[in-house]
Amino acid sequence: NLDRKWWKEAVVYQVYPRSFMDANGDGVGDLKGITARLDYLKELGVDVVWLSPIYQSPNDDNGYDISNYRNIMSEFGTMADFDEMLAEMHKRGIKLVMDLVVNHSSDEHPWFIESRKSKDNPYRDYYIWRPGKDGGEPNNWVSFFSGSAWQYDEATDEYYLHLFSKKQPDLNWENKEVRDEVFDLMTFWLDKGIDGFRMDVINCVSKVEGLPDATPAPHEKYAWGGEFFTNGPKVHDWLKEMNNRVLSRYDIMTVGETGGVTTSDAKLYAGYNRGELNMVFQFEHTDVDAGPGGKWDVVPWKLSDLKSIMSRWQNDLYEKAWNSLYLNNHDQPRSVSRFGDDKNYRVESAKMLATFLHLQQGTPFIYQGEELGMTNVAFSSVDDYKDVEIHNLWRERIVEGGGDPVSLLHAIHAKGRDNARTPMQWDASENAGFTRGTPWIRMNPNYVAINAEAALKDPTSVFHYYKKLVDLRHHHLIMVYGKYDLILPEHPQIYAYTRTLGDEIWLVICNFYGDPAHFELPAGLPTTARELILSNYDARDSLLVSELSLRPYEALVYKLS
Ligand code: ISL
Ligand code: CA
């Protein structure tokens with residue numbers, strides 16, 4: 001009675017197409033580039049590719065601003081290139097999950113071009129328009145990307161809502177025609193044979209009626225309005241409608257990107273038999289290094305927080321809903337730089353973090369380059385960054401706000417999204433084999449040492465360790481379905497847990513620090529292991545696990561029974 005599902009047993013690999021592989025030399029990754037590199041993904045053994053958006057887009061937010069949901073972005077190729085890529089994936093047994101960005105479109109989408117023309121345009125109600133209030137914006141919500149979430153539009157003397165950049169107007173899901181359009185375009189892609197969707201900020205589609213003002217911090221004009229648009233009043237009705245009309249007709253995988261969800265929310269989105277989604281991305285563990293000032297207020301993270309957050313998700317969802325597991329994506333800094341040590345123990349700590357994550361219950365997501373231990377980058381000038389979030393932030397805080405550029409640049413080095421967006425490092429040749437032209441964003445200069453070609457040749461590389469993790473998952477149901485139990489909750493250096501399925505018990509031990517650590521097995525578990533399944537150092541002589549001295553960033557997986 002394991003309730004087996006292919007999407008629970010799969011490992012997903014996220015491709016950020018702009019930065020993956022450029023086949024035609026214009027400096028921008030493309031679909032032909034992806035197709036050319038599929039054998040690499042096959043070698044890694046992943047089951048599913050999640051592709052960040054490839055639809056037609058003016059690229060204000062690198063494709064998360066879509067101007068035509070049924071065309072391919074011209075920089076990325078053609079529909080024929082897409083069909084070929086999909087066929088080549090399927091030929092290799094790799095499924096394709098597409099990004100679905102329907103909380104907002106581009107302001108260059110024909111719907112919006114119509115919508116802004118006049119108040120009685122048939123498309124007016126596709127977006128969220130309001131008259132100004134007291135000579136200013138309709139409310140005081142701040143955008144995710146700095147400044148007001150409203151943009152004034154002269155043509156009709158009204159404002160439209162944009163939770164993200166001003167080129168990403170929010171669609172009005174209250175309008176049934178909008179939902180019909182969304183369900184139609186989903187059907188279009190599913191009928192092409194894709195295998196699922198990752199749904200961008202899907203828990204933001206329902207806004208509280210009246211769009212009330214939020215409470216600003218002292219001396220602030222704008223305020224975080226999340227309580228009025230995250231997990232809003234109708235989101236579950238609409239996801240059920242989507243499931244009923246579209247998703248349930250296909251054997252697919254769905255994952256919702258849902259910032260600000262608790263485990264109780266997640267049980268509503270992804271609970272078994274809820275008829276909504278298969279799983280969600282939660283953000284509690286990626287918020288551990290954010291201070292009271294938010295994302296850019298970078299503070300040291302605590303292992304105790306990571307333990308309690310991850311364990312709460314493991315425990316609360318067990319047998320009720322399914323977890324996603326990730327440390328990296330295109331919005332997050334590189335995990336080896338953030339949670340490991342990318343200087344003294346890059347390889348060891350990258351493998352330790354992979355162990356910590358992949359041995360938990362849920363579907364693991366690998367972000368391109370993570371399997372090489374790719375690191376953050378530190379550009380010395382803001383001009384080298386390309387992300388709209390970074391440029392809006394810089395304008396607000398430095399250009400207009402007169403803040404300290406040095407400290408903001410430090411925060412960008414630590415948290416900027418472009419850390420994840422420097423091109424994939426394929427080999428040691430110029431521009432890492434990503435392009436024969438000029439890359440759209442500068443390379444991380446460490447590609448000479450850190451690259452796929454070198455990693456494939458080295459049996460001790462991070463790549464081969466990930467490959468082993470993927471392979472283990474394919475051969476051991478306990479990795480997928482076993483129950484998670486945290487042990488040594490108070491240990492200041494070690495994150496350890498067991499997995500149990502029937503009579504089988506696995507023990508996972510991770511030293512999160514660059515100093516040695518002392519491990520003592522709690523009572524009640526077998527003190528002699530059957531087998532050392534995996535470790536990131538040379539194998540140990542003994543299977544005695546009652547006490548162990550761990551080396552820096554050491555990770556061990558034992559089969560106890
Ligand atoms: O990384 C963030 C900014 O600090 C997050 O708040 C992020 O914007 C949020 O998780 C939503 O992300 C998704 O939608 C955005 C897009 O820019 C991101 O790339 C995407 O993953 C708007 O479509
Ligand atoms: Ca290209």
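For the structure given in this document, a descriptive report is provided here. (Residues numbered from 1 in each chain as written. Chains lettered and ligands numbered in written order. Predicted model: local features only at pLDDT ≥ 70, side-chain atom pairs only at ≥ 80, totals over all residues. Heavy atoms only, no water.)

### Brief notes about the coordination of the calcium ion (ligand 2)
Now for step 1: Protein-derived coordination of the calcium ion (ligand 2) comes from Asp-22 (OD), Asn-24 (OD1), Asp-26 (OD), Val-28 (O) and Asp-30 (OD), at a distance range of 2.3 Å.
Now for step 2: Read from N- to C-terminus, the donor residues coordinating the calcium ion (ligand 2) fall into the pattern D-x1-N-x1-D-x1-V-x1-D.
Now for step 3: Under the relative-accessibility criterion, Asp-22 is labelled buried at 2%. (Donors = N, O, S within 2.8 Å, 3.2 Å for Na, K, Ca; no water. Buried < 20%, exposed > 50% of the residue type's maximum accessible area, 1.4 Å probe, protein only.)

### Examining the side chain of Thr-286
Now for step 1: Looking at the secondary structure, you find Thr-286 in the loop between β11 (279–281) and β12 (290–291).
Now for step 2: The exposure class assigned to Thr-286 is buried, which follows from its relative accessible area of 5%.
Now for step 3: One polar contact links the side chain of Thr-286 to the main-chain carbonyl oxygen of Phe-283, over a distance of 3.0 Å.
Now for step 4: If we skip the residues at most four places from it in the chain, Thr-286 touches Tyr-326, Gln-332 and Arg-338. (Helix = DSSP H or I, 4+ residues; strand = E, 2+ residues; numbered from the N terminus. Polar contact = N/O pair within 3.5 Å; in protein donor to acceptor, adjacent residues only side chain to side chain. Contact = heavy atoms within 4.5 Å.)

### Observations concerning the site of ligand 1
Now for step 1: The full set close to ligand 1 counts 18 residues, and Asp-61, Asp-200, Glu-257, Asp-331 and Glu-389 are the nearest of them.
Now for step 2: Between His-104 and ligand 1, the recorded distance is 2.9 Å, taken from a side-chain N or O atom to an oxygen atom.
Now for step 3: In this structure, an oxygen atom belonging to ligand 1 sits 2.8 Å away from a side-chain N or O atom of Glu-257.
Now for step 4: Summarising the interface, the protein chains cover 91% of the accessible area of ligand 1, which totals 500 Å² for the free molecule. (Near = heavy atom within 4 Å. Areas by Shrake-Rupley, 256 points an atom, 1.4 Å probe, with all protein chains shown as cover.)

### What to know about the packing of aromatic side chains
Now for step 1: Going through the model one piece at a time under the given rule, you end up with 39 aromatic pairs.
Now for step 2: Arranged with centres 6.0 Å apart and planes meeting at 40 degrees, the rings of Trp-173 and Trp-238 form a pair that is tilted. Of this pair, Trp-173 sits in the loop between β8 (158–161) and α6 (176–191) while Trp-238 sits in helix α7 (residues 235–245); the two residues are 65 residues apart in sequence, bridging distant segments of the chain. As far as burial versus exposure is concerned, Trp-173 and Trp-238 are alike and both buried.
Now for step 3: For the ring pair Trp-301 and Phe-512, a centre distance of 6.1 Å and an interplane angle of 70 degrees mean the geometry is edge-to-face. One end of the pair, Trp-301, is in the loop between β13 (294–298) and α9 (303–317); the other, Phe-512, is in the loop between β18 (504–511) and β19 (517–520), with 211 residues separating them in the sequence.
Now for step 4: Exposure remark for Phe-512: the relative accessible area of 1% places this residue in the buried category. (Phe/Tyr/Trp six-rings, centres within 6.5 Å; stacked < 30°, edge-to-face > 60°.)

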